Structure formats: C-alpha cells, structure tokens
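# Topology and contacts: notes
Next come the chains, spelled out residue by residue.
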Amino acid sequence: MRETTVHAGAWWLWALALGTAATRTTNPLLLGLLLAVSGYVVVTCRSATPTARSYTAFLKLALAVLVIRLVFAVVLGSPIPGTHVLVSLPEVPLPDWAQGIRLGGRVTAEAVVFALYDGLKLATLLICVGAANALAAPTRLLKSLPGALYETGVAVVVALTFAPHLIADARRLRAARRLRGRPDRGVRGLLQVGLPVLEGALERSVALAAAMDARGYGRTAEVAPAVRRTTAALTLGGLLGVCAGTYGLLTAEGGTYGLPVLLAGLAAALAGLWLGGRRSPRTRYRPDAWNPRSCAVAGSGAVVAALLVLAAARDPEALHPGVVPLVAPALPLWPAAAVLLGLLPALTAPTRPARKEPS
Amino acid sequence: MIRFEDVSVTYDGADRPTVRGVDFEVPEGELVLLVGESGVGKSTVLGAVGGLVPHFTGGTLRGRVTVAGRDTRTHKPRELADVVGTVGQDPLSHFVTDTVEDELAYGMESLGLAPDVMRRRVEETLDLLGLAGLRGRSIATLSGGQQQRVAIGSVLTPHPKVLVLDEPTSALDPAAAEEVLAVLQRLVHDLGTTVLMAEHRLERVVQYADRVVLLPAPGAAPLLGTPADVMAVSPVCPPVVDLGRLAGWSPLPLTVRDARRRAADLRERLDGREPVPTEAVPATPPPLPVPRQASRWRLRRQAVPEPGAEPAPVAEVRSLSVRRDGIQALLHVDLSLAPGETIALMGRNGAGKSTLLGSLVGLVEPSGGSVRVSGAVPHRTPPRELVRRVGLVPQEPRDLLYADTVAAECAAADQDAQAAPGTCRALVSELLPGVTDDTHPRDLSEGQRLALALAVVLAARPPLLLLDEPTRGLDYGAKARLVALLRELAAEGHAIVLATHDVELAAELAHRVVLLAEGEVIADGPTAEVVVSSPSFAPQVTKILAPQRWLTATQVREALA
C-alpha cells in the first residue's frame, strides 16, 4: 500500500503549482475552478492522518481573509474609480497630514468587485497550501531532507507535535482554575495559566530530549579530517557564492557575473550538504519513493501553472476581467481546460483505504 | 549483563547521595524488579543503567556501572542505545514521531540499520506486541495500554540486550496492565531480554520477577534476593504477601494461585466470621455554606431535609448523557450520592469516569439529563459558588497548584474559598506534618503534592469530594495515609467519589462500587458484591479467600484479632 503512495514532495509541488496558477489570474470563474479541482483531489486522495483534518481550518482562514479584504475596501475606500454607488457611508473627516487616507464615504460596486477578485486570489492560494498540508503532512516532507539537515528536521517535527500538547495543557489548566473557584474564562484566566503551561512544556522537552538521547539521537560516524574540512569549505564558500550571485543579479551592473556565481555557489553548497550527510550514520525507514505516479502528480501541477502563465502573457484580458467598466467575467475556454488538468492526481493516485477511526 | 559496582549518585546541590552502596549484578535473561518507597532513588538507579544518570541529569556518579561490558562512564546514552532500551514513566513524552510504524523505526534509523533489516524488525515487533492493527494510527489516538506497548516496541526494535522500565503499569487499568506484562513475559522467556523495572503496583508484577532489589531507605544500600525472601522484610508489599505474613505462611506465596492452595486452613479459621460491614455511616452532611447570590429559583426547588428523614443526597445525577467530539462519553447515567458515602468509580481507560467527575464539577456540560450538586446545576454555577459545594482533585494534582510556596498556595486557597485565613494552612499541617511554608510545591513528592492539592480543595469544605486516580504514583505508605485520611473525611460526612483503577484502594475504602463501560453504568452496588463477581476488579484477598467475602488483609486481621 505504501509503495503506491505519492511522494510528499510531489503533492507539495502540485499544490504550490496550483497556487502559482492562482496568482496569474483574477477571473473568479477560473479561481473557482481551481478551488473545485484542489478540493476534489483532497477529498479523494487525502489520508487519515490528523493533519488531513486541517483542511477545514485552512478553508475558514481563507474565508476570513476574503471577508477582511472586503471590509477594508468598504471602510477605507479604494483607489478604483467607480460610478455605481452601492451605499454611502458617513465619511470621517481626517486632518491634512492624513491625506490619501479615507474613512467611510462612497462604496462603489467596482471597488467591491475588485476587492472580491483580489481577496479570492489570495484565498485560493491559501487553500492550495491547505491542500498540500492535507495531502502530505509536512512531517513526511521533512523526512526527505538530506542527511546533514536531518537534525534540524527533527527539531521542526518535535516543535510541530508540541503545539497540540501546549493547547491541550492550556485547556486543562484553565479547567483547573475553575476547580480553585476562579473564573475559567477571559483573558486573565489565560494569562495566569501561561507560566504553568510553559513550565509543563519545558519539563516535557527535557523528558523528550532524554528519551531521544537514550534512543541514539545524535550519534555521529567518524569522518576523516580532510572530508570535514572540505565540507566546511564547500558549505561556507557555497553560501558566500549564493549571496554574491544574488547581489549581482539584483544590481544593474552585475548582470553578467550574477547568474554563473549564483549557480556555482548553489552547487558548492549542495555538495557541502551531501558531504556533511556522511557524518550522520542514519538510515531511512521506508522513504517515500519517486514513482511514476509522483511524476504524474507533480507534472500535472507544473503543466497547469505553465499554461496559466502562458495564457496570462498571451491574453491578459480574459484572465483579468475588467472592473471599470463593470463587465460580467467570461470563462476563457483554453485556460479552463488547462486548470482541469490538475485533476489528474485524483484519477491516478490510489485512494487510501479508509482506516477505521477509533471509536 | 548489568553490573553495579559500589555505585553512589549525588546530584548537584544535594548534600548527600541519593543512592549509596549500590552493588549488584543482573545476569542475562532475568527480570529484576526494583522496589522501595517513593523518593528512595529507584529512578536514579534505572537512569544509571542507560547512562542518562549522570550524563543527562548532571550530578556525580561514583563507582562503576557496566552494561554488556560497556562502561557508562565512557559511553554516552546515545552510544548505549543499541544495548539498552529505556522507557520512562510517561510514554507520551517518549514519542518523537507521530505514527506507530515510524515510532518503531525511529531508534533503528538513528543507529543506521540497513533498510531491509528495519523493515523486517518493524513487522516482527508489530506482531510480537500485537500492534499490527494499529501500524498506521496516530499515536495520540491510542489508549494508555497501547501507547505503553508502542513505547516498549520502539525501544525493542534495535534489539537491545537490556530493557529498563520505570513504572510501566501504574497508569493503566487492570486489563491494559496485563497486556503489557504479558509482553514483558514473552520478551524474557522467548528472546532472553534482561529486564530491570521499577513499579509501585507490586500486586501486578511481583509474581513475574526472578529477583527483587529492595531499596529500603534513601541512601541505604539495596537488598537483593528472591521475591519471597525480599517480600518477607520489605516495607512495601502487595496484599497477597500481607495476607501471607498474617497467616504465617512460609515461604511466602507471591501469586493468588499459590496463596489459594495454602489458604484452606485460613478459610476454615475465618468460617462463620463476617467482615466488619463497610456500610456508609449515615451522617449529617457538613453544613452547606449559604449561597449568597445563586439564582433564587434554583434554591426554591432544593429539597429541604425534614428532621429525622433520610439525609438528602449530596449529589444527584439523572439520566446523564454527554457527547464530546462525536463520541458518546456517557449514556443515561443515574447516580445518587448520600453524605458520608464513599463510591469507587471503576472501568477501563476511556470508559467515562473522568467525564462523569467533570460533569459533577461543571467542567463538562451535559447534553442530556441533569446533574444536581447540593441543589445547584454545576456547569451554570459560578466557580466561586461551586467550590463550596464540590471539590475535585484532578489526575495531575499539580494542575491545581500555581504558587511558588506552600504558604502562598494556602493563602490563595483561603481567598478563593472565602474561608478564614489559615484554614488551608491548618489542613496542610494536619495532612503533611513537617512541610515548611517556603517549600516549592514542585519539590514535594507525588504523595505530598496530592495532599497539598487535597488541602487546597478542602479549604472550602465541600460536602462532595471527587478524586481522579488518586493513587497513581503513590507507594503503599502514602496510599495508607490517604486511605486513613479519606475514611476520616467520610466519617465527618463528606461524600467521596474516587475514579480509580486501583482495585485494592476501592476494596479498602469504598462502600459502593460503580462500574462503567462505554459510558454506561453496568454495575452499581456494595463493594463486596460488585468486585467479588468480577475477575478483573476483584482484589487479591477476595480471590484468595473466595467464596468467602473478604476484601482486604486488614479485614482479615481484625476478624482474627
């Protein structure tokens, strides 16, 4: 069963590619289609891990972002010129130094629609990240890190599992306040349990560190001094190269040497990482494999992103429906068909058999 | 396999060694049990085997500890990871990953075993521990017994020669504890693993031990011997041994089976005698503090006890149902608590015991039915009013304690309870003689902390007292003190509810036992009737002397006196 699953990296590539596609357009019909595609794939392919349930949390977050964007457009006004006045809010007169800022005033349909398109774009991006999270837990992704970064990866995994513990602790301690006859609601209640919660977390961290130490975490293999020195030189030199290359790319006069230096730096840093991995004797238990399905999943996402970038360059009007004057958005046929390619994972990736949930 | 040579450990800042003169050897393939009261240094001895003491905890270790020929002085815990597997008291703080299968593989990954070896061992371990059905499950969703088995499995996969366990069954219900012990038995018998473990619940484990190491007092040299020999002199012992000592059996029986075969004469001597009845003493409830601003309409409906009539129940639960996170935690539970009555609430982990206690103190809102505590509806009563009606000591007594010192804690408790200043401090002095005002609650032992939390709750003089798993982590001495204290409180008219897995505690204290399963009450009756008929909830003395109905060695002692 596990061999046929898709590599966690493939899911993240797919989802981030869909997110990239979403940033290329403000057409609500296309964005809606993207949402439907990612939602359908999540529903058919997600596993029974706890992170899979975080999808709804991302949906709520996206909705909140959309609402906040609209509220800002209504209350603070918008630079979009419009003629269709929906409602006129009382305007708060502001002093001269706050020129350019408006509170209240006319709310035009154009401004609201513009905010809606803009907010929807952001919401779609968020939901795509949520989809990646639901399809492949970030911890699975961390397992694919190179050996030299393994210890950092474990630190992140441990931190991720600690957050739920912290919340559970805070809840328990707030409940305990009630047992002492103190109100268990309100901000004060939360503040007073802060210290005990942190204390508990600290104690648990120490216990976990002891357990990890006793289980062999941080064992190192002997490496020749020459290898060690080469690793250090490669990593440091590589990072310097990356910095210099980026600087060169961003400044006007460094256009010629920027790219080669950046690439050389990257190569050196990667070689350093690979060599550094030899210090850790770790092996991996059942690593995710890049199988044809993973390629299909990652590929379908990449194709969607590439086609939408292309479409945005060729036919910007269709992907950015006009706001002034207000027109009904039309569904551009070819980009819509491209978005539908994102459904490929739902057809190829096997669904995991629904595990029996604990009663 | 494990060799202690005149070991003493002194922690930083301590003025004398925690353990001294530890000098023994554990041969390969033995199961050795470490016993002693709380605070005698059991965890220190266990930690020294894996090298966590002193490499991780700090302090100074004198003498020498060798495991499979490796000196822990020169080997760090991580370098001993392939020969020693250590599982601490709380399995949850042991887990690094989030699913069962990954957790089993984690240790092997750190050691750098080949992928095909890892794969094989994970499968073998899943079968050995009966975890195959749980392989993909998230660890957080497992029950306590399952988590403990995963924790043991996670250190077993690198095939250590030595397994070190600190209180592996203390937090488990009797059935889950059997599960874990069966696994340990199998490891010792089939794989020749050497096991060193500490455990307070001797009645569960002593019969499996090949030898026992007794730490008689803090800093005293340990005693080593066969279980029967050591139990004869041990200050801590399970009821079967207590009964054996009482009856003068020699060698001491350690299992119920052995004791039953010897008990014919004792049964004869006891024939015709009856245990002193443990009926609830009808008592007047402690005067209920007059609620000052509680809703008046509720007061009107409160039953006023007529003089001479049965005392009104302290709490009444009618057809209570609770649904939480899509799970039916309680279903149509009826319960009535009279003043002076002690009830033991028993059942598996997750049977709804804590939920029932939670609804009695208003932490849990019922989704059906009603709960009344001294006439008030708990979840709608402001906490300030409620503390004078009902008090709960939670599973982790530390949750109740916020202050830096005992004195500050007591002052806060008096203020919370609107009691006269000094009320709580007086209770603490009574329960914990010798604890000074400036002690930090964290520096107290488990038992002392429980007593402090109890004093904090009792400052408000609630007529109903609830305790969730009070004996977890308590040694027999601390347990005996708790039992005496709770008896006194019951005699004063407090109604007491204990949610517990500890059948011996229930036998000692409870007038009534309520058994819960999947949120429903499946038995509710006098302790003797309920526990005698249940194989897993019957105390050892009952099993030995059946069909006579004796519950505790104390009862037998009194009857023979």
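Residues numbered from 1 in each chain as written. Chains lettered and ligands numbered in written order. Predicted model: local features only at pLDDT ≥ 70, side-chain atom pairs only at ≥ 80, totals over all residues. Heavy atoms only, no water.

## Some points on the interface of chain B and chain A
Interfaces are often described in size by the accessible area the parts lose on coming together. As a reminder of what qualifies: Residues count as neighbours in contact if any of their non-hydrogen atoms are within 4.5 Å of one another. Once two parts are brought into contact, the accessible area they lose, counted with a 1.4 Å probe and summed over both, makes up the buried area. Whenever a carboxyl oxygen of Asp or Glu lies within 4 Å of a side-chain nitrogen of Lys or Arg, that contact is scored as a salt bridge.
On the side of chain A, 47 residues touch chain B, which itself brings 61 residues to the contact. For chain B, the biggest contributors to the area lost against chain A are Arg78, Glu109 and Tyr402 of chain B; these three give 15% of the whole. The interface formed by chain B and chain A contains 10 salt bridges. Two residues, Arg78 of chain B and Asp213 of chain A, come together in a salt bridge whose shortest N-O distance is 3.1 Å.

## Concerning the environment of Gly47 of chain B
All names here are of chain B. Put simply, the rule is: In this description a helix means any DSSP run of H or I spanning at least four residues, a strand means any run of E spanning at least two, and both kinds are numbered starting from the N terminus.
With respect to the helices and strands, Gly47 occurs in helix H1 (residues 42–50). In sequence terms Gly47 and Pro539 are 492 residues apart; their C-alpha atoms lie 32 Å from each other. Discounting chain neighbours no more than four positions away, the residues touching Gly47 are Leu52 and Val53.

## With respect to the packing of aromatic side chains
By convention here, two paired aromatic rings are described through the distance between centres and the angle between planes. To keep it simple, the criterion reads: Stacked, tilted and edge-to-face are the three classes applied to pairs of Phe, Tyr and Trp rings, where Trp contributes its six-membered ring and a pair requires centres within 6.5 Å; stacked means planes under 30 degrees apart, edge-to-face means over 60, and tilted covers the rest. For every residue, the accessible area (1.4 Å probe, protein chains only) is compared with the maximum for its type, and the residue is labelled buried under 20%, exposed over 50%, or partly exposed between those bounds.
Inspection of the entire model under this criterion finds 2 aromatic pairs over all chains. Taking the centre distance of 5.7 Å and the plane angle of 85° together, the rings of Trp11 of chain A and Trp14 of chain A count as edge-to-face. With a gap of 3 residues between them, Trp11 of chain A and Trp14 of chain A both fall in helix H1 (residues 8–23), about one helical turn apart. Between Phe4 of chain B and Phe24 of chain B the ring centres are 4.9 Å apart and the planes differ by 25°, which places this aromatic pair in the stacked class. In this pair, Phe4 of chain B sits in strand E1 (residues 2–10) while Phe24 of chain B sits in strand E2 (residues 19–26), placing the two residues 20 residues apart along the sequence. Its relative accessible area of 2% is what places Phe4 of chain B among the buried residues. When its relative accessible area of 5% is taken as the criterion, Phe24 of chain B is described as buried.

## Observations regarding the packing of helix H17 (residues 423–431) of chain B against helix H18 (residues 446–458) of chain B
All names here are of chain B. Put simply, the rule is: All axes here are fitted lines through C-alpha atoms, helices being fitted over the stretch that makes contact, and every angle between N-to-C directions spans 0 to 180 degrees. For any helix crossing, the convention is left-handed if the near helix is rotated counterclockwise from the far helix by under a right angle, and right-handed if that rotation is clockwise. Only Asp, Glu, Lys and Arg are considered charged in this grouping, and only Ala, Val, Leu, Ile, Met, Phe, Trp, Tyr, Cys and Pro are considered nonpolar; every other residue, Gly among them, is considered polar.
Between H17 and H18, the least distance of the axes is 9 Å, while the angle of their chain directions is 145°. Remark: the crossing between H17 and H18 carries right-handed chirality. Along the contact surface, H17 presents Cys424, Leu427, Val428 and Leu431, while H18 presents Ala451, Leu452, Leu454, Ala455, Val456 and Leu458. When its residues are assigned to classes, the contact of H17 with H18 shows 10 nonpolar, no polar and no charged.

## Points about the packing of H1 of chain A against helix H2 (residues 28–45) of chain A
Residues and elements named next belong to chain A. Definition in use: Our angle categories are set so that under 35 degrees counts as roughly parallel, over 145 as roughly antiparallel, 65 to 115 as roughly perpendicular, and the remainder as oblique.
Contact geometry for H1 and H2: axes closest at 10 Å, N-to-C directions at 165°. One element, H1, and the other, H2, form an angle in the roughly antiparallel class. Between H1 and H2 lies a crossing whose hand is left-handed. Of H2, the residues touching H1 (which contributes Trp11, Trp14, Leu18, Ala21 and Ala22) are Leu31, Leu34, Val37, Ser38, Val41 and Cys45. A breakdown of the residues in the contact of H1 with H2 according to their chemical character gives 10 nonpolar, 1 polar and no charged.

## Describing the environment of Arg388 of chain B
All names here are of chain B. Mapped onto the elements of the fold, Arg388 is located in the loop between helix H15 (383–386) and strand E15 (390–393). The buried category is assigned to Arg388, whose relative accessible area is 10%. As for Arg388 and Arg461, which are separated by 73 residues in sequence, their C-alpha atoms are 6.1 Å apart.

## Examining the pairing of strand E16 (residues 464–468) of chain B
Residue and element names in this part refer to chain B. Spelled out, the test is: Note: two strands are recorded as paired if DSSP finds a minimum of 2 bridges between them. Classification remark: right-handed applies to a crossover when, strands pointing away from the viewer, the course from the first strand over the helix to the second runs clockwise.
In terms of burial, E16 is largely enclosed, as 5 of its 5 residues are buried. Neither face of E16 is exposed, since Leu464, Leu466 and Asp468 on one face and Leu465 and Leu467 on the opposite face are all buried. With 4 bridges connecting them, E15 and E16 associate as parallel partners. Pairing of Val393 across the sheet is with Leu467, part of E16. Assessed by its sense of winding, the connection that carries the chain from E16 through helix H19 (residues 476–491) to strand E17 (residues 495–499) is right-handed.

## With respect to helix H8 (residues 225–250) of chain A
So the rule is basically this: Expected helix span is taken as 1.5 Å per residue step, with the number of steps being one fewer than the number of residues.
When the terminal C-alpha atoms of H8 of chain A are compared, their 38 Å separation across 26 residues agrees well with the 38 Å that a helix rising 1.5 Å per residue should span. In this structure, the buried residues of H8 of chain A make contact with helix H9 (258–276) of chain A.

## As for a nonpolar patch on the surface
Residue and element names in this part refer to chain A. Note the following rule: Exposure above 30% relative accessible area and the absence of a salt bridge qualify a residue for a patch, where like charges join within 9 Å and nonpolar side chains (Val, Leu, Ile, Met, Phe, Trp, Tyr) within 5 Å. With residues, only the protein chains shown are counted as cover, and all accessible areas are computed by Shrake-Rupley using a 1.4 Å probe.
A cluster of nonpolar side chains, contributed by Leu63, Val67, Ile68, Val71, Phe72, Val75 and Leu76, occupies part of the molecular surface with about 600 Å² of accessible area. With respect to the secondary-structure elements, Val71 resides in helix H3 (residues 55–76). Residue class for Val71 comes out partly exposed when judged on its relative accessible area of 43%.

## What to know about the environment of Ala137 of chain A
Within the fold, Ala137 of chain A resides in the loop between helix H4 (109–135) and helix H5 (138–142). Residues Ala137 of chain A and Val43 of chain A lie 94 residues apart in sequence; the distance between their C-alpha atoms is 15 Å.

## Re H19 of chain B
All names here are of chain B. Quick note on the threshold: N or O atoms within 3.5 Å of each other form a polar contact, as long as, within protein, one can give a hydrogen and the other can take it, and as long as residues adjacent in sequence are counted only when both atoms are side-chain atoms.
The end-to-end C-alpha distance of H19, which contains 16 residues, comes to 22 Å, matching closely the 22 Å that a straight helix rising 1.5 Å per residue would cover. Inspection of H19 places Tyr476, Ala478, Lys479, Leu482, Val483, Leu485, Leu486, Leu489 and Ala490 among the buried residues, and these make up the whole buried set. Taking the backbone nitrogen of Ala478 as reference, a side-chain oxygen 2.8 Å away marks Asp475 as the first, capping residue of H19. A positive phi of about 110° marks Gly493, the residue just after H19.

## Side note on the pairing of strand E9 (residues 211–214) of chain B
Residue and element names in this part refer to chain B. Where burial is concerned, the two faces of E9 agree: the one with Arg211 and Val213 and the one with Val212 and Leu214 are both buried. For E9 and strand E10 (residues 223–225), the ladder comprises 3 bridges, and the chain directions are antiparallel. Its bridge partner being in E10, Leu214 is matched across the sheet by Leu223.

## Digging into unusual backbone geometry
Where the residue is not glycine, phi is negative for most of them; where a peptide bond is considered, it is trans in most cases. Cis rather than trans, the peptide bond between Val53 of chain B and Pro54 of chain B has omega equal to 0°. With an omega dihedral of 5°, the bond running from Ala546 of chain B to Pro547 of chain B counts as a cis peptide bond. In this fold, Pro547 of chain B is placed in the loop between helix H22 (540–545) and helix H23 (553–560). Residues other than glycine seldom take positive phi values, yet Arg286 of chain A does so here, at roughly 45°. With respect to the helices, strands and loops of the structure, Arg286 of chain A is situated in the loop between H9 and helix H10 (292–314). With a phi angle near 50°, Arg461 of chain B is a residue other than glycine that sits in the positive phi range.

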